[in-house]
Amino acid sequence: MANHKSALKRIRQNEARRLRNRYYHKTARTAMKVLRSEEDKAAATEQLPKVIALLDKLAKKNIIHKNKAANLKSKLTKHVNKLA
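Draft legend 1. Representation of the overall build of the chain in the model. The number of helices and strands found in the chain is 3 helices and 0 strands. Listed N to C, the secondary structure of the chain is α-α-α in terms of helices and strands. Compactness check: the chain gives a C-alpha radius of gyration of 17 Å against a globular reference of 12 Å for 84 residues, more than 25% above the reference. When the backbone C-alpha atoms are referred to their principal axes, the chain occupies close to 60 × 20 × 15 Å. Taking all 84 residues of the chain together, 19% fall into the buried category. Here the chain contributes 23 positive and 6 negative side-chain charges, whose respective centroids are spaced 15 Å apart.

Structure representation (structure tokens):
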């Protein structure tokens, strides 16, 4: 266990950030899953910018890598464009 006051604070901060990041990551995964399961092109086209903004925010906060965000955005855009 940590002996210094600053080390104890760091442990508390790390745990809070870990939980927050986990929540953001799970929210994004759920949003992508909903978008992928969408059959209606109009609804999917409406959801796409929101999901892209979510991914951009996660990449900016280093929760996911910027290249991973770019790859996911590309795949989702292709999926929406492919819908009839």
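Text resumes after the structure shown.
Draft legend 2. Up close: the nonpolar core. Grouped together as the largest cluster of nonpolar side chains are 16 residues, with contacts concentrated most on Met32, Leu35, Val51, Leu55 and Leu76. Of all the elements in the fold, those that place two or more residues in this core are helix H1 (5-37), helix H2 (41-60) and helix H3 (66-82). Tallying contributions element by element places H2 first for this core, with 6 residues. In contact with Val51, not counting residues within four places along its chain, are Ala31, Met32, Leu35 and Leu76.

Draft legend 3. View of the pattern of salt bridges. In this structure the tally under the stated criterion is 2 salt bridges. With its nearest N and O atoms 2.7 Å apart, the salt bridge here joins Asp56 to Lys73. Of the two residues, Asp56 sits in helix H2 while Lys73 sits in helix H3, which places them 17 residues apart along the sequence.

Draft legend 4. Representation of a positive patch on the surface within the structure. Where like charges cluster on the molecular surface, the positive patch consists of Lys9, Arg10, Arg12, Arg17, Arg20, Lys57 and Lys61. The dominant element in the positive patch, judged by the number of residues it contributes, is H1, at 5 residues. Looking at the element boundaries, Arg17 is found in helix H1.

Draft legend 5. Spatial organisation of the packing of aromatic side chains. Tallied over the entire structure, the rule returns 1 aromatic pair. Between Tyr23 and Tyr24, the aromatic rings sit 5.9 Å apart at their centres with planes inclined by 55°, giving tilted as the arrangement. Classification of Tyr23 as exposed rests on a relative accessible area of 56%. Looking at Tyr24, the relative accessible area reads 28%, which means it is partly exposed.

Draft legend 6. A look at the environment of Lys5. Residue placement: Lys5 occurs in helix H1. Its relative accessible area of 75% is what places Lys5 among the exposed residues. Distance from Lys5 to Ile63, taken between C-alpha atoms, is 27 Å for residues 58 residues apart in sequence.

Cut-off values and rules
Residues numbered from 1 in each chain as written. Predicted model: local features only at pLDDT ≥ 70, side-chain atom pairs only at ≥ 80, totals over all residues. Heavy atoms only, no water. Helix = DSSP H or I, 4+ residues; strand = E, 2+ residues; numbered from the N terminus. Rg over C-alpha atoms; globule rule 2.2 N^0.38 Å. Buried < 20%, exposed > 50% of the residue type's maximum accessible area, 1.4 Å probe, protein only. Lys, Arg positive; Asp, Glu negative; His and termini not counted. Charge placed at Lys NZ, Arg CZ, Asp CG, Glu CD. Core = buried A, V, L, I, M, F, W, Y, C linked by side-chain atoms within 4.5 Å. Contact = heavy atoms within 4.5 Å. Salt bridge = Lys/Arg side-chain N within 4 Å of Asp/Glu carboxyl O. Patch = residues over 30% accessible without salt bridge, like charges linked within 9 Å, V, L, I, M, F, W, Y side chains within 5 Å. Areas by Shrake-Rupley, 256 points an atom, 1.4 Å probe, with all protein chains shown as cover. Phe/Tyr/Trp six-rings, centres within 6.5 Å; stacked < 30°, edge-to-face > 60°.

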